[in-house]
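Observations on the model geometry
What follows is the residue order along each chain.
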Amino acid sequence: ILFLYMHLQDSPARNGLYSPRDGERRRVQLQPRTFQDSSASKKHTEREDPVRHGYVKDFKHADSDDISQLGIIRNPEDQKQRDEGYSHYAFNTLISDRLSLHRIIPDTRHRLCQHRQFTGSLPKASVVICFYNEAWSALLRTVWSVVDRTPSHLLHEIVLVDDNSDLPHLGEELETYVAENLPQVKVIRTGERQGLIRARIFGADHATGEVLVFLDSHCEVNVEWLEPLLERIHENQTNVAIPIIDIVDHDTFEYEASPLVRGGFNWGLHFRWDGMPGNMLIEKADYVRPIKTPTMAGGLFAMDRQYFIAMGKYDPGMDVWGGENLEISFRIWQCGGRLEIIPCSRIGHIFRKRRPYGSPGGADTMTRNSLRVAMVWMDEYKEYYFQVRPDARKKDFGDISERVALRRRLKCQPFKWYMDNVYPELTLPNNKGGGGWVRNQQIKRANANIFRAGHLMYHGSNLCVTSEQGIYDKKSLLVLGKCDKDEQSQIWKETEEGYFMLAGVLCLDIEDVPMGRSYPRIMKCHYAKGSQQWKWKGLHSRNLLNPASGKCLGAREPRAGSHISMEICNEDDKELQFEMVGSTG
Ligand code: UD2
Ligand code: MN
């Protein structure tokens, strides 16, 4: 690999590709491949099959309704491909490579979204996709899904921005493939690793469509994904439109609908999903209307290009990953725009368990970037960030004078305005009473109709019910973990109907074991009661009952790391006592 890397660095073809000053599409002179017997060239032929034939040899129906076979390991080579895929890309590339680049995915939109008419005068979009060392099949499936599911009169172009990847297939092979198959696509290269934030600025600078749409390099857009986004921007140039982000399972590649959730953040300045306040979803039509959201996850959104420029693009002082999503969210709201989730637009995204790349020099870019957000946009509220992250106080965040000047020039609102008008649900850390977490019982009275959210705490301990594998991993079991208010895999939303959603994404459920001990786990929410419905048992007791199984949540060993299990309910049993200790109403 090192050899290939050095080879690529030296290769004239590579150096002759697009640099930041040279974004125009042009054909690259082809160099003979010199790594003929490497596995890369072998994969090359395999990779081409899905495009030409719709599936890879031996796997005849690689569409979403029949992907269960695709993970089968037939020989040591398959095993190797799978293992290497996980280590390079953090998802199952064995399946991704076998799956059609044109696979059909379930239409996850609400019924009311179907058969809608759009005005004929929607603006055209430039779709900007930045990538760094992305898997071939995931990148190309992203591109093809856009080509396949976007009316050509709305697709101005697709701009693929290579952020100086060092994998061989993303070099001239990609260039050739695009030249032969994808006339809508232009490939540009940053020439030096910029990180996703500057790579997006670079991509936007080379785009010429009326509207910019940003996508990650491992997405699949769904039916009629673009029209509702464009419609909203067409109505008002200062609307920034966000799709619902569906989940493409990183292990199985199943495509799953996400529930309707909004973007929020916590005082550690981490993005989080918030359940919808109950009063926002009353009529059926509420599930399809634009929904105002305090923040965006970051990766997928549409924005008028001139507006993007006028609003100061992104903060170019931010490196690699993190923070830019809150920065652009605060900026849009505080400077007169509007951030909305458009429920009729759905895009699948592979949520990986870990990020498969680092930053140059291994720097903690998230903290540095968050500091810039705090210093430029948050006024006195930045103190709450420092309360949660005292270590950040002494860290370097570079020069922010241009962003401060931008804020002044755009005459933006103070952060307090944002808190009061856009995100009043966010409570301050340690507020009132100073005792850390507020007991949920009190919150419930104040907001009788709204779900409650917070930690599901092992009664009287400092241990909280925690997902073992993060918030997106379907089937993850639960363990006791030290309570941490920034830990998304501990934040449960209890809805009125008795569903417990972890970070607003997956639902508390139980394993389907007919006899013997069973364990709770998190699963896709189906909202059909059954094993996903829970009930606090008795008046004063704190047993959490799962009526479908007749059992209660329990922890056999009251120590961090031990698994939560389902036990015979017993209101006096200490090991079965839990309570909600919450933050927001
Ligand atoms: C989320 C966002 C992501 C970004 C990030 C915070 C979604 C679905 N994803 O994390 O878009 O806002 O939060 O910063 O909302 N990339 C580069 N150069 C780099 C590193 C990454 O071009 O140095 C590309 C990468 O290949 C990918 C995109 O940037 O296409 C986003 O990166 P990610 O997928 O690792 O971020 P994710 O989804 O964990
Ligand atoms: Mn991503």
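Attention in this report is confined to the structure presented alongside it. Only a predicted model underlies this, so the values are computations on that prediction, with no experimental measurement involved. (Residues numbered from 1 in each chain as written. Chains lettered and ligands numbered in written order. Predicted model: local features only at pLDDT ≥ 70, side-chain atom pairs only at ≥ 80, totals over all residues. Heavy atoms only, no water.)

1. Regarding the state of the cysteines
Cut-off, in case you're wondering: Cysteine sulfur atoms that pair up within 2.5 Å are treated as a disulfide. Labels follow the DSSP assignment, with helices taken as runs of H or I lasting at least four residues and strands as runs of E lasting at least two, numbered in each case from the N terminus.
Considering all chains together, one arrives at five disulfides under this definition. Here Cys-335 is linked by a disulfide to Cys-412, with a sulfur-sulfur distance of 2.0 Å. Across the S-S bond linking Cys-335 and Cys-412, the dihedral sits near 100°, which makes this disulfide right-handed. Taken together, the residues span a long stretch of sequence, with Cys-335 in the loop between α11 (324–334) and β12 (338–350) and Cys-412 in the loop between α14 (401–409) and α15 (415–421) at a distance of 77 residues. In this model, Cys-507 is linked to Cys-525 through a disulfide, with the two sulfur atoms separated by 2.2 Å. Handedness of the Cys-507-Cys-525 disulfide follows from its S-S torsion of about 95°: it is right-handed. With a gap of 18 residues between them, Cys-507 in strand β19 (residues 506–510) and Cys-525 in the loop between β20 (520–523) and β21 (535–537) connect regions that are remote in the sequence. Along the protein chain, the cysteines engaged in disulfide bonds are linked according to the scheme 1-3, 2-4, 5-6, 7-8, 9-10 when indexed in sequence order.

2. Focus: the coordination of the manganese ion (ligand 2)
What counts here: Each metal's donors are the N, O and S atoms found within 2.8 Å of it, except that Na, K and Ca use a 3.2 Å limit; water is left out, so coordination can look incomplete. The buried label applies to any residue whose accessible area, calculated with a 1.4 Å probe on protein chains only, is under 20% of its type's maximum; exposed applies above 50%, and partly exposed to all values in between.
Here the manganese ion (ligand 2) is held by the protein donor atoms Asp-216 (OD), His-218 (NE2) and His-349 (NE2), which lie 2.2 Å from it. Summarised as a motif, the one-chain spacing of the donors to the manganese ion (ligand 2) is D-x1-H-x130-H. Placement of the pair is Asp-216 in the loop between β4 (211–215) and β5 (219–221) and His-349 in strand β12, with a sequence separation of 133 residues. Its relative accessible area of 11% is what places His-349 among the buried residues.

3. A look at the pattern of salt bridges
Quick note on the threshold: What counts as a salt bridge is simple: a side-chain nitrogen of Lys or Arg found within 4 Å of a carboxyl oxygen of Asp or Glu.
Throughout the structure, instances matching the rule amount to 40 salt bridges. With its nearest N and O atoms 2.9 Å apart, the salt bridge here joins Arg-116 to Glu-231. Taken together, the residues span a long stretch of sequence, with Arg-116 in the loop between α5 (93–98) and β1 (125–131) and Glu-231 in helix α9 (residues 226–235) at a distance of 115 residues. Glu-231 gets classed as buried once you look at its relative accessible area, which sits at 15%. Across the salt bridge formed by Glu-340 and Arg-232, the nearest N and O atoms sit 2.5 Å from each other. Taken as a pair, Glu-340 in strand β12 and Arg-232 in helix α9 lie far apart in primary sequence, 108 residues in all. Salt bridges here are not isolated pairs; linked through shared partners, they connect Arg-198, Asp-319, Arg-368 and Asp-396.

4. A closer look at the site of ligand 1
We count it as follows: Residues are labelled near a given molecule or strand when at least one of their non-hydrogen atoms is within 4 Å of it. Contacts described as polar in this section are N or O atom pairs within 3.5 Å, which, within protein, must combine one atom able to donate a hydrogen with one able to accept it, while residues neighboring in sequence count only if both atoms come from side chains. Only the protein chains shown count as cover for residues, with accessible areas throughout obtained via the Shrake-Rupley method and a probe of 1.4 Å. Ten residues, namely Ala, Val, Leu, Ile, Met, Phe, Trp, Tyr, Cys and Pro, are considered nonpolar, four, namely Asp, Glu, Lys and Arg, are considered charged, and the remaining ones, Gly among them, are considered polar.
Taken together, 22 residues lie near ligand 1, and Ser-217, Gly-322, Glu-324, Arg-352 and Tyr-357 sit nearest. In the environment of ligand 1, a nitrogen atom lies 2.7 Å from a nitrogen or oxygen atom belonging to the side chain of Asp-163. Within the contact set of ligand 1, an oxygen atom lies 2.8 Å away from a backbone nitrogen or oxygen of Gly-299. For ligand 1, whose accessible area on its own is 740 Å², the fraction buried by protein is 93%. At the level of elements, β1 and α8 (195–205) are the ones that each hand at least two residues to the shell around ligand 1. No other element matches the three residues that α8 contributes to the shell around ligand 1. Classifying every residue of the shell around ligand 1 by side-chain character gives eight nonpolar, seven polar and seven charged.

5. A short note on the pairing of strand β23 (residues 551–555)
Here is the rule we go by: Strand pairing follows a simple DSSP-based rule, namely that at least 2 bridges must link the two strands.
For β23, the buried fraction is high: four of the five residues fall into the buried class. With two bridges connecting them, strand β22 (residues 543–546) and β23 associate as antiparallel partners. Across the sheet, Leu-545 pairs through a bridge with Cys-552, a residue of β23. Sheet topology note: the β23/strand β24 (residues 564–568) ladder contains five bridges and is antiparallel. Each bridged residue has a counterpart across the sheet, and for Leu-553 the counterpart in β24 is Met-566.

6. Considering the sheet that holds β21
Inclusion rule: Only the contacting stretch of a helix is used when fitting its axis, a line to C-alpha atoms as for every element, and angles between N-to-C directions run 0 to 180 degrees.
Taking strand neighbours across the sheet as the criterion, the four strands line up as β21-β22-β23-β24 in an open arrangement whose pairing is antiparallel. Looking at strand neighbours, the two that pair on one side only are β21 and β24, the edges of this open sheet. The average angle at which neighbouring strand axes cross in this sheet is 50°, direction not considered.

7. Some thoughts on the side chain of Arg-403
Definition in use: By definition, residues are in contact when any of their heavy atoms lie within 4.5 Å.
Take Arg-403: it is sitting in helix α14. Excluding anything up to four places from it in sequence, Arg-403 contacts Gly-312, Tyr-314, Asp-315, Pro-316, Glu-327, Arg-331, Arg-372 and Val-376.

8. Regarding empty space enclosed by the protein
To be explicit about the condition: Using protein atoms alone on a 1 Å grid, points that fit a 1.4 Å probe yet trap it form a cavity, whereas open point sets bounded by protein on both sides within 12 Å along at least five of seven lines form a pocket; residues with an atom within 4 Å of a point count as lining. Grid points are joined across faces, edges and corners, and a volume is the space filled by probe spheres set on the points.
What the rule picks out here adds up to six cavities of 30 Å³ or more. Roughly 160 Å³ of volume is contained in the largest cavity. The wall of the largest cavity is formed by 20 residues, among which Ile-244, Ile-245, Pro-259, Val-261 and Trp-273 lie closest to the centre. Listing elements by their share of the lining of the largest cavity, those giving two or more residues are β6 (239–248), β8 (261–265) and β9 (271–275). For the lining of the largest cavity, the leading source of residues is β6, giving five residues. Its residues assigned to classes, the lining of the largest cavity comprises 15 nonpolar, five polar and no charged.

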